[in-house]
Amino acid sequence: MHELGDYDHHHHAGNHGDVWKHCALAAWLRALLDEARGPLRYLETHAGAGRYRLAKAGEWRDGIGRLLDGAEGVPARAEAPPAVEAFLQLFARVGIWNELGRVYPGSPNLAQHLLGPDDRLVLCELAPRALEILRAKLGGDGRVSVRAEDGPAHLTPLLTEAEGAGLRPVVVIDPPYSEKGEWLAAGRSLALARAARPDTALFLWYPIVSRTRPNALLAELGRAGVHGVALELVVTPLALRRQALNGSGVLLVDPPARAVAEIAAAGPWLGRALTTRGAWEARQITF
Ligand SMILES: C[S@@+](CC[C@H](N)C(=O)[O-])C[C@H]1O[C@@H](n2cnc3c(N)ncnc32)[C@H](O)[C@@H]1O
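Heads up: these notes are all about the structure in this document. This one's a predicted model, so the numbers in the text were calculated from it and none came from an experiment. (Residues numbered from 1 in each chain as written. Predicted model: local features only at pLDDT ≥ 70, side-chain atom pairs only at ≥ 80, totals over all residues. Heavy atoms only, no water.)

It is worth spelling out the overall build of the protein chain at this point. When you go through the protein chain residue by residue, the secondary structure sums to 9 helices and 11 strands. Rg of the C-alpha trace for the protein chain: 18 Å, near the compact-globule value of 19 Å for 287 residues, within the 12% margin. The principal-axis extents of the C-alpha atoms in the protein chain amount to approximately 50 × 45 × 40 Å. Residues counted as buried form 53% of the 287 residues belonging to the protein chain. Counting contacts in the protein chain only where the partners sit at least 6 residues apart, residues at least 24 apart contribute 77% of the total. Across the protein chain, the 32 positively charged side chains and the 32 negatively charged ones have centroids separated by 3 Å. (Helix = DSSP H or I, 4+ residues; strand = E, 2+ residues; numbered from the N terminus. Rg over C-alpha atoms; globule rule 2.2 N^0.38 Å. Buried < 20%, exposed > 50% of the residue type's maximum accessible area, 1.4 Å probe, protein only. Contact = heavy atoms within 4.5 Å. Lys, Arg positive; Asp, Glu negative; His and termini not counted. Charge placed at Lys NZ, Arg CZ, Asp CG, Glu CD.)

See below:
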């Protein structure tokens, strides 16, 4: 049985890592939908609560807050590249941002809005409170199946089960990374998913405190024969050696070329908007 720590994504919702993740996720899903290779089966191994009511203070202030409250240094919206503009428009439809309160939509909620009537969503989550919110907010959608299951452990059966057999699987893996072992498990999940269904398109988010663990993950995937592209956005210089979330990356396997180009083009605008020390770095790594 998987041991759940005390991770609660409410504390991190809307931070710069979420903004990079969700802007990239939306661009990736749109491009996959436009490929017109038939309906998709969106599988998320670590779904979270789906929607997050933001407290007055929180990490979101240095993330989505900077974009929506027009903080100093944020480039003009008119200069926003297509993936950023599309993300902001999606947020305006799905999120809440007014004097009464702020609600940040998580990845399942964004996917729910982007996917079409023939697509399906399978969402795994283990934390009871997150599950309760996820069920309440998304469970009424006939396309959505919320599972109280260990996502990584069930990934292979989920990909091979008869239900949804004709749909192209797209898998999102977004662990809490509370423990070192989750890096290894994430890499294993990607390899297992590709082995179970070679047509699976994969999306993995990872945090960047330093480059040690991301580099090890990419090297490990290369050795396992899993290849793709990683796009990173660092908003606090790594040279400061701050033991905190300095940036994050999204790792894509078998992505549409358009998605890679759009996410890469979003990096500089978001880097300027989200930098904490006036410097930022956006990188694209093929592995
Ligand atoms: C980073 S959050 C997910 C955020 C979400 N993907 C989003 O972007 O909106 C990670 C979630 O994974 C859940 N979790 C941790 N281990 C899990 C496991 N083995 N199976 C399913 N969910 C898990 C945690 O309870 C937490 O809600």
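The next point concerns unusual backbone geometry. Its identity is not glycine, yet Tyr177 carries a phi of approximately 55°, on the positive side. With respect to the helices, strands and loops of the structure, Tyr177 is situated in the loop between β7 (168–173) and α7 (181–196). For Tyr177, a relative accessible area of 12% gives the class buried. The phi torsion at Arg241 lies on the positive side, around 55°, for a residue other than glycine. In this fold, Arg241 is placed in the loop between β9 (229–234) and β10 (247–253).

Before going further, it helps to spend a moment on the pairing of β7. In terms of residue burial, β7 counts as a mostly covered element, since 6 of its 6 residues are buried. Of the two faces of β7, the one lined by Arg168, Val170 and Val172 and the one lined by Pro169, Val171 and Ile173 are each fully buried. As paired elements, strand β1 (residues 40–44) and β7 share 5 bridges and run parallel to each other. Within β7, the position partnered with Arg41 by the bridge is Pro169. With 4 bridges joining them, β7 and strand β8 (residues 201–208) adopt parallel strand pairing. Bridge assignment links Val170 to a residue of β8, and that residue is Ala201. (Pairing = 2+ DSSP bridges.)

Within the structure shown, the criterion is met by 20 salt bridges. Among the ionic pairs, Arg147 bridges to Glu161, the shortest N-O distance being 3.2 Å. Of this pair, Arg147 sits in strand β6 (residues 144–147) while Glu161 sits in the loop between α6 (151–160) and β7, and the two are 14 residues apart along the sequence. The buried category is assigned to Arg147, whose relative accessible area is 14%. Judged by its relative accessible area of 22%, Glu161 falls in the partly exposed class. (Salt bridge = Lys/Arg side-chain N within 4 Å of Asp/Glu carboxyl O.)

Looking now at the side chain of Thr275. If you trace the backbone, Thr275 turns up in the loop between α9 (257–274) and β11 (281–286). Take Thr275: its relative accessible area is 15%, and that puts it in the buried class. Reaching out from Thr275, the side chain makes a polar contact with the backbone nitrogen of Arg277 at a distance of 3.4 Å. (Polar contact = N/O pair within 3.5 Å; in protein donor to acceptor, adjacent residues only side chain to side chain.)

By themselves, these are just geometric observations and shouldn't be taken as functional.
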